[in-house]
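Structural overview for review
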Amino acid sequence: MGRYSIGFIAQRLGIFLLTIWIAASVIWLIPRLAPGDPISAMIMRMSSSGGRVENADKIIAGWKERFGLNDPLPVQYVRYMGNLLRFDFGYSLAHFPTPVADIIGLALPWTLGLLLVAVTLAFFIGNFLGAIMVWGKTPGLIRAVIPMFMIFTSIPSILAAIFLIYVFAFLLEWFPLAGSYPLGMKVELSWRFISAVIWHATLPALSVVLVNFGYWTLGMRGMMITVEGEDYIQLARAKGLKPFYVLYRYLVRNAILPQITAFAITLGSLVSGQVLVEYIFGYQGMGNIIFAAITSQDFPVIQGASFMLIVITALAVLIMDLTYPLIDPRISYERN
Amino acid sequence: MSHSTSMTEANAPVLRVRDLRVYYETPKGDVLAVDGVDLDLFEGEALGLVGESGCGKSTAAMGILQLVNPPGRIVGGSVELGGRDLLKLSEEEVRQIRWTRLALIPQGAMNSLNPTMRVASQIEDVIVAHEGAQRKEALRLRILELLRRVGLPERVYDLYPHELSGGMKQRVCIAMAIALNPRVIIADESTSALDVVVQRVVAQTIQRVRHDLGMAMIMIGHDMGLMAQMVDRIAVMYAGKVVEVAPVRALFATPRHPYAQLLIDSVPTLRERKPLRSSEGITHDPRNPPPGCIFQLRCPHVMDVCRSAAPQLKRVGPGQWAACHLYAEPAEEGGRHE
Ligand SMILES: Nc1ncnc2c1ncn2[C@@H]1O[C@H](COP(=O)(O)OP(=O)(O)OP(=O)(O)O)[C@@H](O)[C@H]1O
Ligand code: SF4
Ligand SMILES: [Mg+2]
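Residues numbered from 1 in each chain as written. Chains lettered and ligands numbered in written order. Predicted model: local features only at pLDDT ≥ 70, side-chain atom pairs only at ≥ 80, totals over all residues. Heavy atoms only, no water.

Some points on the site of ligand 2
- Lining the immediate surroundings of ligand 2 are H257, P258, C293, F295, Q296, C299, H301, C306, P311, C324, H325 and L326 of chain B.
- A per-class count over the shell around ligand 2 returns eight nonpolar, four polar and no charged. (Near = heavy atom within 4 Å. Nonpolar A, V, L, I, M, F, W, Y, C, P; charged D, E, K, R; others polar.)

Right, here's the structure in full:
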């Protein structure tokens, strides 16, 4: 397209790497800011909840040795960063000696799949409804009905999830109560398996969609009203273009641009919202392993999972940043 | 400058506006932005529409184009184009007439092009919308010819609006307006948006195109001096009404309506151009105009009758019409002024 310069790509890439570096450092720093060190803090919590731990001192010393916590902080930091580069997050404490990377590797595809489907659906449904709410040719009935669906926007995703489980899984039994696919089913590329996955993913996806689409509807509605008032819409009408053409080529095409920016900005909170939903549904994604790790004080897993979520969010933002100039011709990076 | 020949009022006008009313709904009542406007536009003629900011010029134009947006609405009147009243046509019929017979060069040319479409596509879509799909190459040549006609270089074809200067955008709008060779073009001039030099060049472009293609045109503007050089007749608007219509020379030599007189007085000479004095503005509440003449609060010649009866446009000279009680037939106290 010729709209990119090396400088622009380098800059965006730089921001991407900086985000990840800061995130990684914070993740590294937080446990070290806690009094003592992660290991003794953990053992202490264990002993306060589960009674005395025999040979606590020895265990702590052993762990410290193993995790290199006796080394000077800079050495620890550099080693930690080096490991991260290889996606080596160490070993799970709760499921020793399973590597954290393996645990994440099993969960991540599920989260990504659900996220992609749910968030894209929410975005498209929301923007579609927002657009037709403003469009003059939409029947009044439809315009009156859409706002009613917006009540879901004002409730947290966890409540929506619980509500859906109660009504559609517990009362009506249309959908399974929990899980990503039936226990014991063979993971394979068969229609039986895929349909089971879709069936299990429906309610979790729906709760993400229900809670989020209203946000896009409202935003799109506002943008559509703004664009409606632009002179070029007036001129498009004066030109006697077909109303539907004016809708998609003049109105929606311009109104959607800030929505896409907003999408990139809110992606982080979308991810965290979904993590909660996954937990409620016992969906075998990142949400579940993070919660399990928190309850079992499995620090390496928490670190690794948070890090991967941040990397994915930052990556998505980077991709959107890089593709945005293709959508909005005014954003051009030739001269950057 | 070729002043078109056909100004004889005996001809049937191409565009005939009668008693057009466009009101804007506000919480405190309707703003009577256009309140009974009569206009005739004759074949090939350029009619200037002037008046201070907010007097309803753009609203009248949008009323003629049937493009009044909420909170505005067309309350009544008729807009006959080639003998058909646009107000009585279906939406689809109006859509087909738009641009093929009646085109617009918009006021806010800075912002009148779709920022996400190339110039060529924005000219192309109007051609395709009214003539149907056609060969790419033929379309391309035709669009390039339109660009050339308004003095734009070929490279503009592939550019996006933000890559153009204000004057270039204005020219793209002109090229677009003539794409389907309409009989009538309404040019809502954006005095505020362009600097004076650019504005003059653009005005010349419009003038040349009109000369080449011979369409009739309503030119809306604030700039009396510029108007004087460009149009055949001028209609003066005040607070939603046309208060005087006259050939340019007659209007400048002998303005009849007190407001037109005020306006002409504010133009030092025909050569020197300056915008209208807008500091005074319309003094009454446009939602609740006083009974009688709308100009009574500012009129130096106000009489009793002005406070009760609204004056109608009356013939006050050859081709010159004014809406003022001063020019009533042998009247009680009014009589001839001047
Ligand atoms: N959306 C609206 N709501 C309420 N009043 C409006 C609206 N749009 C315009 N008006 C009023 O209608 C009147 C006419 O406005 P209009 O834009 O037609 O004036 P104009 O003569 O074109 O002015 P200008 O020379 O500045 O372009 C003004 O008094 C304005 O305040
Ligand atoms: S009708 Fe009366 S108030 Fe109105 S312009 Fe004429 S003299 Fe003035
Ligand atoms: Mg205007």
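Resuming the write-up.
Looking at a nonpolar patch on the surface
- A surface patch of nonpolar side chains, about 660 Å² in accessible area, is lined by Y166, F170, L171, L172, W174 and L177 of chain A.
- Take F170 of chain A: it is sitting in helix 7 (residues 157-171). (Patch = residues over 30% accessible without salt bridge, like charges linked within 9 Å, V, L, I, M, F, W, Y side chains within 5 Å. Areas by Shrake-Rupley, 256 points an atom, 1.4 Å probe, with all protein chains shown as cover. Salt bridge = Lys/Arg side-chain N within 4 Å of Asp/Glu carboxyl O. Helix = DSSP H or I, 4+ residues; strand = E, 2+ residues; numbered from the N terminus.)

Concerning the sheet that holds strand 7 (residues 184-188) of chain B
All names here are of chain B.
- Pairing in this open sheet of eight strands is mixed, and the strands run 6-7-8-3-9-10-12-11 from one edge to the other. The strands lining the two open edges of the sheet, one partner per strand, are strand 6 (102-105) and strand 11 (314-317). Between one strand axis and the next, the sheet turns through 25 degrees on average, direction left out of account.
- As judged from the five bridges shared by strand 7 and strand 8 (residues 216-221), these two strands associate in the parallel manner. Bridging across to strand 8, A187 finds its partner in M219. (Pairing = 2+ DSSP bridges. Axes fitted to C-alpha atoms, helices over the stretch in contact; angles between N-to-C directions.)

Quick word on the domain arrangement of chain A
Residue and element names in this part refer to chain A.
- Per the domain assignment, the segments making up chain A are domain 1 (1-94 + 298-336) and domain 2 (108-295).
- Each of domain 1 and domain 2 has a C-alpha centre, and these two points are 29 Å apart.
- Each partner contributes residues to the interface: domain 1 has 15 residues there, and domain 2 has 19 residues.
- Broken down residue by residue, the surface that domain 1 buries against domain 2 is led by L309, M320 and I327, which jointly contribute 35%.
- At the boundary of domain 1 and domain 2, one finds zero salt bridges.
- For the side of domain 1 that touches domain 2, the class distribution of residues is 11 nonpolar, one polar and three charged. (Domains from an automatic or database assignment. Contact = heavy atoms within 4.5 Å. Buried area = accessible area lost by both parts, 1.4 Å probe.)

Things to note about the interface of chain B and chain A
- Between chain B and chain A, the residue contacts involve 26 residues of the former and 23 residues of the latter.
- For the pair chain B and chain A, the summed buried surface comes to about 2,300 Å²; carbon and sulfur atoms form 56% of the total.
- Three residues stand out in chain B for area buried against chain A, namely R95, P115 and T116 of chain B, and they jointly supply 24% of the buried area on that side.
- Taken together, the links from chain B to chain A amount to two salt bridges.
- The salt bridge partner of E91 of chain B is K137 of chain A, with a shortest N-O separation of 2.7 Å.
- Where chain B packs against chain A, one counts 16 residue pairs in polar contact (both at pLDDT 80 or more).
- For the side of chain B that touches chain A, the secondary structure elements donating two or more residues are helix 2 (91-97) and helix 3 (119-131) of chain B.
- Per element, the largest residue contribution to the side of chain B that touches chain A is five residues, and it comes from helix 3 of chain B.
- Considering only residue class, the side of chain B that touches chain A consists of 12 nonpolar, nine polar and five charged. (Polar contact = N/O pair within 3.5 Å; in protein donor to acceptor, adjacent residues only side chain to side chain.)

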